[in-house]
Amino acid sequence: MSEPLKVMIETSEAEARMLLDVVSPLSDLSAIQYKIEAAIEKQWAGMRYCQRYLEHGPKTGCEVSFIPNRIDKIFCCKSCAKASFEKTRPKRKRQ
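What counts, and where the lines are drawn
- Here the residue index of a chain counts from 1 through its sequence in written order.
- Thresholds applied to this predicted model are a pLDDT of at least 70 for local features of residues and 80 or more for the giving and counting of side-chain atom pairs; totals over whole chains, interfaces and linings are not thresholded and use all residues.
- By convention in this description, side-chain values take in all heavy atoms of the structure and omit both hydrogens and water.
- In this text, helices come from DSSP runs of H or I with a minimum length of four residues, and strands from runs of E with a minimum of two, each type numbered from the N-terminal end.
- By the convention used here, residues are in contact when the closest approach between their heavy atoms is within 4.5 Å.
- Computed by Shrake-Rupley with a 1.4 Å probe, the accessible areas treat only the displayed protein chains as cover when residues are assessed.
- Here, two cysteine sulfur atoms that lie within 2.5 Å of each other are counted as a disulfide.
- A simple rule labels every residue: compare its accessible area, found with a 1.4 Å probe on the protein chains alone, to the largest value its type can have, and call it buried under 20%, exposed over 50%, or partly exposed in between.

Some details on the overall build of the protein
Within the protein, the secondary structure is distributed over 4 helices and 2 strands. Secondary structure of the protein in N-to-C order comes out as α-α-β-α-β-α. A sequence separation of at least 24 residues applies to 33% of the contacts in the protein between residues at least 6 apart. When the accessible area of the protein is evaluated, it comes to approximately 8600 Å², of which 57% is carbon and sulfur surface.

What about the state of the cysteines?
All chains considered together, the criterion is met by 0 disulfides. Free of any disulfide, C77 has its nearest cysteine sulfur in C76, 3.7 Å distant. According to the relative accessible area criterion, C77 is partly exposed, its value standing at 23%. Considering cysteine sulfurs only, C62 is the nearest to C80, which forms no disulfide, with 3.6 Å between them.

Geometry only, nothing functional implied.
Structure (structure tokens):
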């Protein structure tokens, strides 16, 4: 007996959920659906959203979601941290 065919698909969470919505009614794939959902949850478990993205929207160079290398990391990169600081700090009055 041959080994079962294993398929690896690299996709976003939204695309994977749309694929499940299409495939699920076609046949009884509840075990496969459960495994795919578990894999998605495991993949996204340690990820965070960039604070600058949440507050101000998309920006060129922003990764949107990232795996933090420190507990207190809230921005994906230095440019997002700098841009967020510049948007939130009060403007200086020149005399």
